[in-house]
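A closer look at the structure
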Amino acid sequence: MAVTIKSEREIELMREAGKILAEVHNQLEEIIAPGITTLEIDRKGEELIRKAGCIPSFKGYDGYPASICVSVNDEVVHGIPNKKHRLFEGDIVSLDAGVIYKDYQSDAARTYGVGKISPESQKLIEVTKESFFRGIEFARAGNHLHDISAAIQKYVESNGFSVVRDLVGHGIGKEMHEEPQIPNYKPVGRGIRLCAGMTLAIEPMVNAGGYEVWILEDDWTVVTRDGSNSAHYENTILVTEGDPEILSWI
């Protein structure tokens, strides 16, 4: 499948999807506190998404059972919400969510501290977020895809952390996962040349320890192999001739 260039109409729909998703994240941030269960977060997220007239794109995707991926501490991504899993003071929690608005998708993730967290956990969250912004400095027409990847990796590793190698960002549009795949590290080659109208989900996943991960027996939850904490930050962006436009951010 080729990388798609979106029309002005498609971009407008993705802008609206992104605004709705950003507001969902903003409201979910307000309920993150010690004692809340991961299932309560998921239920609130689904309620907000449906109330806004959207469909939660994760629910039922390849059999995933929830609307919000809620990943705690050493869980990198795809954590399954559970009524028995309560957040505790000092945890970090990543919320990954997607919405479908009039057939078009937006995808975004945020990582939050629960109550008072350690300085290392705070740094991990901040470096992960900043690595996204370092990467998208190169997300403009005429540059190559792996310029983004290299910038993310360089910033993360300069701060003593590691980027996950087994999971990548992706193109997005009518489908949640479209071409191209977007590594958060510099692979061999420069990657495709970026063109205005491409829409991409850039999503650094950063571990406090080594980059190796594995999948738990639920066949979904990805965890760090060494048990170190992990953070995730993602937005859907539009490539332009100049600075990229972040569609899932308000």
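**Some thoughts on the sheet that holds strand 6 (residues 162-163)**
The antiparallel open sheet is built from three strands, whose spatial order is 6-10-13. Taken across any chain shown, the strands that pair with only one partner, and hence form the sheet edges, are strand 6 and strand 13 (230-232). Strand direction decides the pairing type here: strand 6 and strand 10 (residues 205-207), joined by two bridges, are antiparallel. Bridge assignment links Ser162 to a residue of strand 10, and that residue is Asn207. Strand contacts of helix 3 (residues 119-136): strand 10 and strand 13, with the helix running at about 35° to strand 13, the strand carrying the most contacts.

**With respect to unusual backbone geometry**
The omega torsion of the bond from Glu179 to Pro180 falls at 5°, within 30 degrees of zero and hence cis. Tracing the backbone through its elements, the reader meets Pro180 in strand 8 (residues 178-182). The backbone phi angle of Asn73 is positive, close to 60°, even though this residue is not glycine. You can see Asn73 is positioned in the loop between strand 2 (68-72) and strand 3 (75-77). Even without being a glycine, Lys102 presents a positive backbone phi close to 50°. Relative to the assigned elements, Lys102 resides in the loop between strand 4 (92-101) and strand 5 (104-113).

**What to know about the sheet that holds strand 7 (residues 169-171)**
The five strands are arranged 8-7-9-14-15 in an open sheet whose pairing can be described as antiparallel. Edge strands, defined here as strands with exactly one partner in the open sheet, are strand 8 and strand 15 (245-246). Pairing of strand 7 with strand 9 (residues 199-202) involves two bridges; the strand directions are antiparallel. Note that in strand 9 the partner of Gly171 across the bridge is Leu200.

About the criteria used
Residues numbered from 1 in each chain as written. Predicted model: local features only at pLDDT ≥ 70, side-chain atom pairs only at ≥ 80, totals over all residues. Heavy atoms only, no water. Pairing = 2+ DSSP bridges. Helix = DSSP H or I, 4+ residues; strand = E, 2+ residues; numbered from the N terminus. Contact = heavy atoms within 4.5 Å. Axes fitted to C-alpha atoms, helices over the stretch in contact; angles between N-to-C directions.

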